[in-house]
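So the chains spell out like this:
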Amino acid sequence: MVDDAGVAVEDLRLMQGLAQRVVAVRPDLVNSDASYGELAWNWGKGLAADGERWRRRLWFSGGELVAWGWARLPRPEATGAYLIYQVHPAHAGLVDEVIGWYGATAPGAERTVIPSAADTFGLERWAAHGYVTDPASLGDTGSWTQLNERDLADVEQPVLPSGFRFRTADEAGPEAAVRAHVDAWASTTYTADSYAGVRRAPGYRPDLHVLVEAPDGTMAASAVLWLDEANATVEFEPVGTHPAYRRRGLGRAVLLHGMRRARAAGATHATVVCLGAPGHPKARALYYGVGFRMFTRDAPLVGPATATA
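Overview of empty space enclosed by the protein
- Going through the model one piece at a time under the given rule, you end up with one cavity of 30 Å³ or more.
- Computed from the structure, the largest cavity encloses a volume of approximately 80 Å³.

Written out as structure tokens, the structure reads:
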């Protein structure tokens, strides 16, 4: 085991490597936030803002990473901790060690975690340690997410309104790339420093960071694509459209454009995550409209305030 106060880029590469190996054998077991691209995105954008609040532990077998936990500790004014983790299915029993470490790392905090709903063994172990379904995730406006997938054998040609054009992040420049994200996500804390972190993340490719430029120069839509070459799959994270340019087909166009670029780069399969509850239909409808379908979903859990044995 290796324990530390933060996640260095070398750690991130190991964690992404485990995600790739899990995808190769049981893609339905990759936890929310633990995929190849999601790890890179969260590490990059969060490094500047609150990297000091993260703790991690790595578990090895024969020199190979087989499990890890990455816990975000509460802010001084908050009480909740959050865990991202992954365990290779050949070492499933390590989930008990992950659970114990999480409890010891965030004692006294309300602890949340999001296993895959397909991880029957893992869910049994979390339950044995006192974790239950997070009530905040339930209902029509619940916070649980679903993983959607499609193959890239036949991707239609995207169509843009007159005067709009596709750009890459290098073509648009850092300021425009940051502005595109901030405009699309009103509650974001994304900054130029966040984007610098994303660019440092293993797997970031500016040619797979695609944008739609409006006639007035506004970056009206954008998507970052993360290509997992080992599994020939690409992940969209994030995808967003400027509020003033919605309902013009730009989200659809940037998704199709991204898929075609990813296919040219060697991808045969694509994934994207969205909120799954009935009260959050917009993103799901967009993704279904370009051929994605739900593959699996997560199962948010909340644990006791004290560590369990």
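Further notes follow.
Observations regarding the side chain of E235
- Structurally, E235 is set in strand β11 (residues 233-241).
- K45 is the oppositely charged side chain nearest to the buried, salt-bridge-free E235, at an N-O distance of 12 Å.
- Looking at E235, its side chain comes within polar contact range of the side chain of S35, at 2.7 Å.
- Polar contacts involving the side chain of E235 include one to the main-chain amide nitrogen of G37, which spans 3.0 Å.
- Filtering out sequence-adjacent residues up to four positions away, E235 remains in contact with S35, Y36, G37, E38, V224, L225, W226 and T271.

Let's talk about the nonpolar core
- One finds M15, W68, W70 and W226 to be the most contacted residues of the largest nonpolar core, which totals 37 residues.
- Sequence-distant contacts of M15, that is, excluding residues within four places in its chain, are made with V7, L39, L58, L65, W68 and W70.
- With 29 residues, the next largest nonpolar core counts A223, L255, A267 and V290 among its residues.

Let's talk about the sheet that holds strand β10 (residues 219-228)
- Read from one edge to the other, the open sheet built from seven strands follows the order β8-β9-β10-β11-β12-β7-β13, with strand pairing classed as mixed. Unpaired on one side and paired on the other, β8 (165-168) and β13 (293-297) mark the two borders of the sheet. Adjacent strand axes in the sheet meet at a mean angle of 30 degrees, parallel and antiparallel pairs treated alike.
- Summarising the sheet, β8 and strand β9 (residues 209-213) pair through four bridges and their orientation is antiparallel. Looking at the pairing, T168 lines up with V210 of β9.
- Here helix α8 (residues 250-264) sits on the sheet and contacts β7 (145-151), β8, β9, β10 and β11; the angle it forms with β11, its principal contact strand, is near 155 degrees.

Some remarks on the packing of aromatic side chains
- Within the structure shown, the criterion is met by 10 aromatic pairs.
- Seen in terms of ring centroids, W54 and W70 are 4.8 Å apart; in terms of plane orientation they differ by 45 degrees. Their pairing is tilted. Linking W54 in strand β2 (residues 54-61) with W70 in strand β3 (residues 64-72), this pair joins segments that are 16 residues apart in sequence.
- Judged by centre distance (6.1 Å) and plane angle (80 degrees), the rings of F164 and Y245 are edge-to-face. Here F164, found in the loop between β7 and β8, pairs with Y245, found in the loop between β11 and α8; they are 81 residues apart in sequence, far enough to count as distant. Both residues of the pair, F164 and Y245, belong to the buried class.
- Among the aromatic side chains, those forming a connected cluster through ring pairs are Y85, W126 and Y131.

As for the pattern of salt bridges
- Counted according to the given criterion, the structure contains 11 salt bridges.
- Where R56 meets D11, a salt bridge forms, and the shortest distance between an N and an O atom there is 3.1 Å. Of the two residues, R56 sits in strand β2 while D11 sits in helix α1 (residues 9-25), which places them 45 residues apart along the sequence.
- Judged by relative accessible area, which is 4%, R56 ranks as buried.
- Between R205 and E229 there is a salt bridge; the shortest N-O distance is 3.9 Å. Linking R205 in the loop between α7 (192-200) and β9 with E229 in the loop between β10 and β11, this pair joins segments that are 24 residues apart in sequence.

Conventions adopted
Residues numbered from 1 in each chain as written. Predicted model: local features only at pLDDT ≥ 70, side-chain atom pairs only at ≥ 80, totals over all residues. Heavy atoms only, no water. 1 Å grid on protein atoms, 1.4 Å probe; cavity = no way out; pocket = protein on both sides within 12 Å on 5 of 7 lines; lining within 4 Å. Points joined across faces, edges and corners; volume = space filled by probe spheres on them. Helix = DSSP H or I, 4+ residues; strand = E, 2+ residues; numbered from the N terminus. Buried < 20%, exposed > 50% of the residue type's maximum accessible area, 1.4 Å probe, protein only. Lys, Arg positive; Asp, Glu negative; His and termini not counted. Salt bridge = Lys/Arg side-chain N within 4 Å of Asp/Glu carboxyl O. Polar contact = N/O pair within 3.5 Å; in protein donor to acceptor, adjacent residues only side chain to side chain. Contact = heavy atoms within 4.5 Å. Core = buried A, V, L, I, M, F, W, Y, C linked by side-chain atoms within 4.5 Å. Pairing = 2+ DSSP bridges. Axes fitted to C-alpha atoms, helices over the stretch in contact; angles between N-to-C directions. Phe/Tyr/Trp six-rings, centres within 6.5 Å; stacked < 30°, edge-to-face > 60°.

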